[in-house]
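Structural overview for review
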Amino acid sequence: MNIMLELYGLIAIGATALAITRTIPVHGLLYLVVSLLALACMFEQLGAPFAAMLEIIVYAGAIMVLFVFVVMMINLGQPDQLREKGWFAGGAWIGPSVISILLMGLLVYGLNHNTMAVGTVGAVIGPKAVGLTLYGPYILTVELSSFLLLAGLVSAYHIGRRIGGNS
Amino acid sequence: MMPIVWPILVIVVTVFGVLGVAALSTTLERRLLGVFQDRPGPNRVGPFGLFQIIADAMKMLFKQDWIPPFADKWVFLIAPIIGFLAVLLSFGVVPITPIWGVAGELNVGLLFVFGMLGLGVYSVVLAGWSSNNKYALLGGMRAAAQMISYEVFMGLSVMGVVMAAGSFSIRDIVEAQTNCWFIIPQCLGAVIFLLAGIAETHRLPFDFPEGENEIGAGFHTEYSGMKFGLFYLAEYAGVALSSALITTLYLGGWHGPFLPPFLWFAIKVFLLICFYILLRAALPRPRYDQLMSFGWKVLLPLSLLNILVTGAVILLRAGV
């Protein structure tokens, strides 16, 4: 196995874990940027430099800057940090963690269930082949990822609504 | 042995070359501003004031390196480093002569430059945020909006060159200009790229993130010593990068008669840096909203038009 690829993978996982657990929003966003950069390095190692550069330009360079911009605009301070700490207290994180780990187990199963022959690194793979693989053998993984996005959407709505109710 | 030593030599010389150019252009700027404003400028240290940069560097290094107690320490520390590294890494894909260049033939070279420019925005934004100072925050927010907007026009204006050369590799783009420099067919793109380059390096007249008559010193209000020095160096390295990019993308890179390739590249970059300094001396600063509306209302349609016309011309030529 490619050692650099695994190293970038570890960086991505570690940075993502830190992004979730930081209580200062800007720090969390910075770790997310690190994670996206590590992902771009992984794309590059797998022989997809174009995808790697798009990952940096679009996600790390544009979308995350807008996130940082918005966080700066609303200028979160000490009270928000305390509230974020409160969300971690009292075992509130146990339930979501169990569900997330279940989902992660399913995702890993979906990825390993249909082991595709890994092509030679650097070989050109067209968009059609990517699409067919994504919606053929890996359909379970794709659908599970959409679960995750939906869960994120619902929780964002929930958090936003509760703050609105208080004020 | 040779295959390992050569790339390392190229990398080390390029890095120190960029540092040297950035440092020397600070002195060059002060001397040239003196000329433009009919005064001597710094001419006391060494011949023609050339050693002024050594005096400046010593001052920067020996100043107290102070981190404000209310700042976010780690973000405050890494912000200038991000900015400088982003510019330095971009130089890696700029080919200087046919045989000199760290990774000039990288097939996504131009995209790499834009990626690094995108990451460079973090430097200014995070410096503004971590300083925990309202002027710095205003500067950082201006920088975010300005640099992201002008990155759009910069990327769009370059697409004409990429379409004409048929490659994202900067070396291929230079090779495609053997007969005709792209500044002639792509003159509109070149002008947009130049303007976006000024906004992207936040130089005068577009230096709103640090507009000193409105928001103190902007994003680097709280910075002192060598951390401020890094911002300062990154700005001049950014000017050099912008000049090097215009040279390679529009002015034929190392191509030119009689003189050796490196000399041609150096002359073009030097003249462009002087042009940047002249702009600073000659033009007043517009208002921030004028800059943004100029970008979205004028530069965006023009750069889209540039792509449209270039595409149509290429299609028509292919059809004949």
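Residues numbered from 1 in each chain as written. Chains lettered and ligands numbered in written order. Predicted model: local features only at pLDDT ≥ 70, side-chain atom pairs only at ≥ 80, totals over all residues.

**Section: the overall build of chain A**
What counts is decided by this rule: The helix count covers DSSP runs of H or I at least four residues long, the strand count covers runs of E at least two residues long, and both are numbered beginning at the N terminus. Buried means a residue has 20 or more other C-beta atoms within 10 Å of its own C-beta, exposed means 12 or fewer, and partly exposed covers the counts in between; C-beta atoms are placed from the backbone.
Looking only at helices and strands, one finds seven helices and zero strands in chain A. Going from the N terminus to the C terminus, chain A shows its helices and strands as α-α-α-α-α-α-α. Of all 167 residues assigned to chain A, the portion counted as buried reaches 16%.

**So, the overall build of chain B**
This is how the line gets drawn: We take the radius of gyration over the C-alpha atoms and set the globule estimate at 2.2 Å times the residue count to the 0.38 power. Once C-beta atoms are placed from the backbone, any two residues with those atoms within 7 Å are in contact.
In terms of helices and strands, chain B carries 10 helices and zero strands. Across chain B, helices and strands are ordered from the amino to the carboxyl terminus as α-α-α-α-α-α-α-α-α-α. Over its C-alpha trace chain B gives a radius of gyration of 20 Å, about what one expects of a compact globule, namely 20 Å for 320 residues. Dimensions of chain B, computed from the C-alpha atoms along their principal axes, are close to 65 × 50 × 45 Å. Among the 320 residues that make up chain B, the fraction classed as buried is 48%. A separation threshold of at least 6 residues defines the contact pool for chain B, and within that pool the share at least 24 residues apart is 76%.

**A short note on the interface of chain B and chain A**
The figure often quoted for interface size is the accessible area lost as the parts come together. We count it as follows: Under the scheme applied, nonpolar residues are Ala, Val, Leu, Ile, Met, Phe, Trp, Tyr, Cys and Pro; charged residues are Asp, Glu, Lys and Arg; polar residues are all the others, including Gly.
Contacts between chain B and chain A engage 18 residues on the former and 14 residues on the latter. Taken together, the elements giving at least two residues each to the side of chain B that touches chain A come down to α4 (109–130) and α5 (134–165) of chain B. Looking at which element gives the most residues to the side of chain B that touches chain A, the answer is α4 of chain B, with 10 residues. Grouping the amino acids of the side of chain B that touches chain A by side-chain chemistry returns 14 nonpolar, four polar and no charged.

**Some points on the nonpolar core**
Across soluble globular proteins, nonpolar side chains show a tendency to be buried alongside one another. As a reminder of what qualifies: In this description, a nonpolar core means buried residues of the types Ala, Val, Leu, Ile, Met, Phe, Trp, Tyr and Cys, linked to one another by C-beta atoms lying within 7 Å.
Ranked by internal contacts, the top residues of the largest apolar core, which has 111 residues, are Val 125, Ala 237 and Ala 240 of chain B. Ignoring anything within four residues of it in the chain, the contact list for Val 125 of chain B reads Val 65 and Val 68 of chain A together with Gly 140, Ala 143 and Ala 144 of chain B.

**Thoughts on unusual backbone geometry**
Residue and element names in this part refer to chain B. Despite not being glycine, Asp 38 has its phi angle at roughly 60°, a positive value. Counting through the fold element by element, Asp 38 comes out in the loop between α1 (2–36) and α2 (52–62). Given 6 C-beta atoms within a 10 Å radius, Asp 38 is considered exposed.

**A look at the packing of helix α7 (residues 187–200) of chain B against helix α10 (residues 288–319) of chain B**
Residue and element names in this part refer to chain B. The line we're drawing: To obtain an axis, a line is fitted to C-alpha atoms, over the contacting stretch when the element is a helix, and the angle between two such axes runs from 0 to 180 degrees between their N-to-C directions. Helix crossings fall into two classes, left-handed where the near helix is turned counterclockwise from the far one by less than a right angle and right-handed where it is turned clockwise.
One can describe the packing of α7 onto α10 by two numbers: an axis separation of 9 Å at closest approach and a directional angle of 145°. As α7 packs across α10, the resulting crossing turns out to be left-handed. Contacts between α7 and α10 involve Leu 188, Gly 189, Ile 192 and Leu 195 from the former and Leu 299, Leu 302, Ser 303 and Asn 306 from the latter.

**Here we look at the environment of Tyr 157 of chain A**
When you line up the elements, Tyr 157 of chain A lands in helix α7 (residues 139–166). Linking Tyr 157 of chain A and Val 108 of chain A, residues 49 residues apart in sequence, is a C-alpha distance of 28 Å.

**Considering the packing of helix α3 (residues 73–90) of chain B against α4 of chain B**
Residues and elements named next belong to chain B. Inclusion rule: The labels follow the angle: roughly parallel below 35 degrees, roughly antiparallel above 145, roughly perpendicular from 65 to 115, and oblique for the rest.
Closest axis-to-axis distance for the α3/α4 pair is 8 Å, and the angle between their directions is 160°. By the angle class used here, α3 and α4 are roughly antiparallel. Where α3 crosses over α4, the two elements pack in a sense that is left-handed. Contacts from Val 75, Phe 76, Ala 79, Pro 80, Ile 82, Gly 83, Ala 86, Val 87, Leu 89 and Ser 90 in α3 reach Val 113, Met 116, Leu 119, Gly 120, Tyr 122, Ser 123, Val 124, Leu 126, Ala 127 and Ser 130 in α4. Taken together, the residues of the contact of α3 with α4 break down into 15 nonpolar, five polar and no charged.

**Things to note about the confidence of the model for chain A**
Rules: What pLDDT reports is the predictor's confidence in each residue, on a scale of 0 through 100.
Residues of chain A with pLDDT of at least 70 account for 84%, and the chain-wide mean is 79. Confidence, expressed as mean pLDDT per element, reaches its minimum in chain A at helix α4 (residues 78–88) of chain A with 70 and its maximum at helix α1 (residues 3–21) of chain A with 88.

**Brief notes about the environment of Glu 175 of chain B**
All names here are of chain B. Within the secondary structure layout, Glu 175 lies in helix α6 (residues 170–175). The class for Glu 175 is partly exposed, based on 16 C-beta atoms found within 10 Å. With 172 residues separating them along the chain, Glu 175 and Pro 3 place their C-alpha atoms 24 Å apart.

**Some details on helix α3 (residues 49–74) of chain A**
For clarity, the cut-off: The span you would expect from a helix comes to 1.5 Å times its residue count less one. Note on bend: at a given residue it equals the angle between the axes fitted to the 7 residues ending there and to the 7 starting there.
In this model α3 of chain A runs 36 Å from its N-terminal to its C-terminal C-alpha over 26 residues, within 8% of the 38 Å that 1.5 Å per residue would give. Where α3 of chain A bends most, at Met 64 of chain A, the angle is about 30°. All buried positions along α3 of chain A are accounted for by Pro 49, Ala 52, Met 53, Glu 55, Ile 56, Ile 57, Ala 60, Gly 61, Met 64, Val 65, Val 68 and Met 72 of chain A. Contacts made by the buried residues of α3 of chain A are with α2 (25–45) of chain A together with α4 and α5 of chain B.

**A few points about the environment of Gly 115 of chain B**
Within the secondary structure layout, Gly 115 of chain B lies in helix α4. Separated by 154 residues in sequence, Gly 115 of chain B and Val 269 of chain B have C-alpha atoms that sit 22 Å apart. Residue contacts for Gly 115 of chain B: discarding those within four places in its chain leaves Met 53, Ile 56, Ile 57 and Gly 61 of chain A.

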